[in-house]
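Reading the structure
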Amino acid sequence: MKETIFPGKTTLNSAGLFVTGTDTEVGKTFVAASLVKALKASYWKPIQTGPFKDHDSPEIQRLTGIDETSIYSCSYSFPDPLSPHAAAKNVDKVIDLENIRLPEHGAEEFLVVEGAGGVLVPLNDDFMMIDLIVRLGFPVVIVARSGLGTINHTLLTLESLRSREINVAGVIMNGPANPGNRNAIEKYGDIEVLAELPQCDDVSFNTIASLKPKLQRVTELFGRNVNND
Ligand SMILES: Nc1ncnc2c1ncn2[C@@H]1O[C@H](COP(=O)(O)OP(=O)(O)OP(=O)(O)O)[C@@H](O)[C@H]1O
Ligand SMILES: C[C@H](N)[C@H](N)CCCCCC(=O)O
Ligand SMILES: [Mg+2]
């Protein structure tokens, strides 16, 4: 197992983290729910596309049971299940990054922010999700599938983030255990895999709660070893 890449740091001094992924549907919401639970955090999905039945914020509440006051409203939400730039265009709107500001939250509050799709998803003609990540300034956790194809996707995502000098806290692999892919991501990406979450038979409140021990490294890194009730 790779030694932590933050040997000098016991914790990242941050009021939150940004969950991105190597793709859409890789498990950002699933992982975000486990992080919200383990870190006793709040949640925010700034940009949501797709019909309400597929929205992430209600799914977070279902999976974590956190109060709705700890789930902040999207800055933008469009009905078509498309890239944000296209979903906005379909309703004659344009996403303006000036309108996407961190929600007012308590000094002790920790905020888990979830992107939409991957880091180079276009938001408008000039900016992509990665530009929002830069503006928000939180360290990033990359959610990656565990199976074949994930090495390339993860290294591409890492390269994009590092090209903008974004602080990548680490990778969380999601799916059946794959030590070979874990080792390759850590070796060729020079990045720590902070957790490996299994493919679960059902995705429920209890499932998410059961994953807490697997996120010990993340709680340490962000100094959130809070005693969960
Ligand atoms: N480890 C897992 N075990 C079982 N089901 C999972 C797991 N991870 C994700 N899923 C399921 O796979 C689907 C996609 O996951 P999820 O919604 O978290 O992806 P996402 O990356 O957040 O997608 P989007 O880009 O739309 O936000 C969901 O139905 C989710 O419940
Ligand atoms: C609709 C989907 N679930 C996400 N909300 C948006 C995914 C955008 C992906 C764009 C792309 O990379 O092709
Ligand atoms: Mg999601």
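Under an unreviewed UniProt entry, the name given to the chain is ATP-dependent dethiobiotin synthetase BioD, and the source organism is Kiloniella antarctica. Among the UniProt annotations of the chain, the heading Sequence similarities (unreviewed entry) holds the following wording: "Belongs to the dethiobiotin synthetase family." Comment text from UniProt for the chain, heading Catalytic activity (unreviewed entry), reads "(7R,8S)-7,8-diammoniononanoate + CO2 + ATP = (4R,5S)-dethiobiotin + ADP + phosphate + 3 H(+)".

**Some thoughts on the side chain of Glu 192**
When you line up the elements, Glu 192 lands in the loop between helix H6 (179-189) and strand E9 (193-197). One polar contact links Glu 192 to Arg 217, side chain to side chain, over a distance of 2.7 Å.

**What to know about the coordination of the magnesium ion (ligand 3)**
Here the magnesium ion (ligand 3) is held by the protein donor atoms Thr 29 (OG1), Asp 56 (OD) and Glu 114 (OE), which lie 2.0 to 2.4 Å from it. Mapping the donors of the magnesium ion (ligand 3) onto the primary sequence gives the spacing T-x26-D-x57-E. Here Asp 56, found in helix H2 (residues 56-64), pairs with Glu 114, found in strand E6 (residues 111-118); they are 58 residues apart in sequence, far enough to count as distant. Summarising the burial analysis for this pair, Asp 56 and Glu 114 share the class buried.

**Observations regarding the UniProt feature "binding site: Mg(2+)" (unreviewed entry) in the chain**
Mapped onto this structure's residue numbering, the UniProt feature "binding site: Mg(2+)" (unreviewed entry) falls at Thr 29, Asp 56 and Glu 114. Spanning 86 residues, the named residues nonetheless gather at one spot, since no C-alpha pair among them exceeds 8.9 Å. As for the lining of the largest pocket, the annotated residues named previously contribute Thr 29, Asp 56 and Glu 114. With respect to the helices and strands, the residue Thr 29 is situated in helix H1 (residues 28-39). We classify Thr 29 as buried; its relative accessible area is 12%. Ignoring sequence-local partners within four residues, the contact set of Thr 29 consists of Asp 56, Glu 59, Ile 60 and Glu 114. Residue Glu 114 is classed as buried on the basis of its relative accessible area of 1%. With residues up to four places along the chain from it excluded, the contact list for Glu 114 reads Phe 18, Val 19, Lys 28, Thr 29, Ala 32, Tyr 43, Trp 44, Lys 45, Pro 46 and Asp 56.

**A few points about the nonpolar core**
Grouped together as the largest cluster of nonpolar side chains are 35 residues, with contacts concentrated most on Phe 18, Ile 47, Ile 95, Met 129, Leu 161 and Val 171. Listed by contribution, the elements that provide at least two residues to this core are strand E5 (76-78), helix H3 (84-89), E6, helix H4 (129-136), strand E7 (140-145), helix H5 (150-163) and strand E8 (168-174). Once residues lying within four places of it in the same chain are set aside, the contact partners of Ile 47 are Tyr 76, Pro 84, Ile 95, Ile 100, Ala 116, Leu 123, Met 129 and Leu 132. Counting 34 residues, the second-largest nonpolar core is a separate cluster that includes Val 31, Ala 33, Phe 110 and Ile 208.

Thresholds applied
- Residues numbered from 1 in each chain as written.
- Chains lettered and ligands numbered in written order.
- Predicted model: local features only at pLDDT ≥ 70, side-chain atom pairs only at ≥ 80, totals over all residues.
- Heavy atoms only, no water.
- UniProt positions renumbered as here; feature names shortened; annotations may be inferred.
- Helix = DSSP H or I, 4+ residues; strand = E, 2+ residues; numbered from the N terminus.
- Polar contact = N/O pair within 3.5 Å; in protein donor to acceptor, adjacent residues only side chain to side chain.
- Donors = N, O, S within 2.8 Å, 3.2 Å for Na, K, Ca; no water.
- Buried < 20%, exposed > 50% of the residue type's maximum accessible area, 1.4 Å probe, protein only.
- 1 Å grid on protein atoms, 1.4 Å probe; cavity = no way out; pocket = protein on both sides within 12 Å on 5 of 7 lines; lining within 4 Å.
- Contact = heavy atoms within 4.5 Å.
- Core = buried A, V, L, I, M, F, W, Y, C linked by side-chain atoms within 4.5 Å.

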